[in-house]
Amino acid sequence: MRLSGKVALVTGGASGIGRSTALTFAREGATVVVADLNLAGAEETVQRLDGKGSAEQLNVADEAAWIAAFDRVLVKYGRLDILVNCAGIGWAGNFEDMPIDAWNAMVAVNLTGVMIGCKHGVRAMRQAGNGGSIVNISSVGGLVGGDDIAGYCATKGGVTLLTKSVALHCARYQTGIRCNSIHPTYVDTEMLDPVAAAFPNRQVLLDGMASGIPMGRVAVPQDIADAILFLASEEASLVSGHSMVVDGAQLAGIPSRHTV
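No experiment lies behind these values; they were computed from the predicted model shown. (Residues numbered from 1 in each chain as written. Predicted model: local features only at pLDDT ≥ 70, side-chain atom pairs only at ≥ 80, totals over all residues. Heavy atoms only, no water.)

Caption draft 1: Geometry of the side chain of D36. Following the sequence through the fold, D36 ends up in strand 2 (residues 31–36). Engagement of the side chain of D36 in a polar contact is seen with the backbone nitrogen of A14, the distance being 3.1 Å. Ignoring anything within four residues of it in the chain, the contact list for D36 reads G12, G13, A14, A42, E56, Q57 and L58. (Helix = DSSP H or I, 4+ residues; strand = E, 2+ residues; numbered from the N terminus. Polar contact = N/O pair within 3.5 Å; in protein donor to acceptor, adjacent residues only side chain to side chain. Contact = heavy atoms within 4.5 Å.)

Caption draft 2: Representation of the nonpolar core. Ranked by size, the top nonpolar core spans 30 residues in total, and within it F25, V32, V84, I182 and I228 carry the most contacts. Counting only elements with at least two residues in this core, the list comes to strand 1 (7–11), helix 1 (16–27), strand 2, helix 2 (39–47), strand 4 (82–85), strand 5 (132–137) and helix 8 (221–232). Residue contributions to this core peak at six residues, all from helix 8. Excluding anything up to four places from it in sequence, V84 contacts L9, V10, T11, T21, F25, V135, I137 and I228. Formed by 29 residues, the second largest nonpolar core is a distinct cluster that contains L58, A87, I116 and V166. (Core = buried A, V, L, I, M, F, W, Y, C linked by side-chain atoms within 4.5 Å. Buried < 20%, exposed > 50% of the residue type's maximum accessible area, 1.4 Å probe, protein only.)

Caption draft 3: Highlighting the layout of surface pockets. In this structure, the largest pocket encloses a volume near 1400 Å³. As for the largest pocket, its lining consists of 48 residues, and the residues nearest its centre are I89, G90, Y152, M191 and L192. Those elements that provide at least two residues to the lining of the largest pocket are helix 1, strand 2, helix 5 (150–172) and helix 6 (193–196). Considering only residue class, the lining of the largest pocket consists of 27 nonpolar, 16 polar and five charged. Put simply, the second largest pocket is a space of about 260 Å³. Taken together, 19 residues make up the lining of the second largest pocket; nearest its centre are G132, G176, I177, R178 and S237. Counting only elements with at least two residues in the lining of the second largest pocket, the list comes to strand 5, helix 5 and strand 6 (177–184). Taken together, the residues of the lining of the second largest pocket sort by class into seven nonpolar, eight polar and four charged. (1 Å grid on protein atoms, 1.4 Å probe; cavity = no way out; pocket = protein on both sides within 12 Å on 5 of 7 lines; lining within 4 Å. Points joined across faces, edges and corners; volume = space filled by probe spheres on them. Nonpolar A, V, L, I, M, F, W, Y, C, P; charged D, E, K, R; others polar.)

Here you go:
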């Protein structure tokens, strides 16, 4: 029960990493507000929490919606201890063909949405007066580039430095709030569905992705949820401004090709 008595808000909680995180937090004793644009999906996640939470329909690119959501959390639960900014979208393809609408959407959700969440999440935590932990989901693409995911990398790179800046802000004003980012490798979630449709079957796609990961497999949502749990817990009480990489050694260096 590492989060006993804590109240958490998790965006993107209708599926994938967000859903796994919400379930993990509830198992560890937290009350979880599951936020997503997909309200039905968020409510489905809540049904699995054994009464330890509620659902919020949230467009993370809408500042007024964020403010209203945090207000409801404080009225209903009296506190906010953990915020996980997990909602995200992507576009893959030739950089020269990237539609400006795809770029704008990624900036709005992946970067602006995280900024607004952090801004008002810090205020909500300070109002409650219990300190807190913010975990922003970036990507290995927030640390290195990718020729076919340039826009995604740009937004996730923004999340990387936004996280460090928020951490410093919170430390400067002695808020007791920590802010860290998680950088997953490829994760087998619903976000891969459009890509998988172009392959003979999903396993062919996953095997191809795994070939670029030294530890030999693509991540599953629980791999990332467990890392988020650590950063959200008091076990990470002095960890702030950190970029935690969960990538099976993908970014560690160049795998050898000259020895058996």
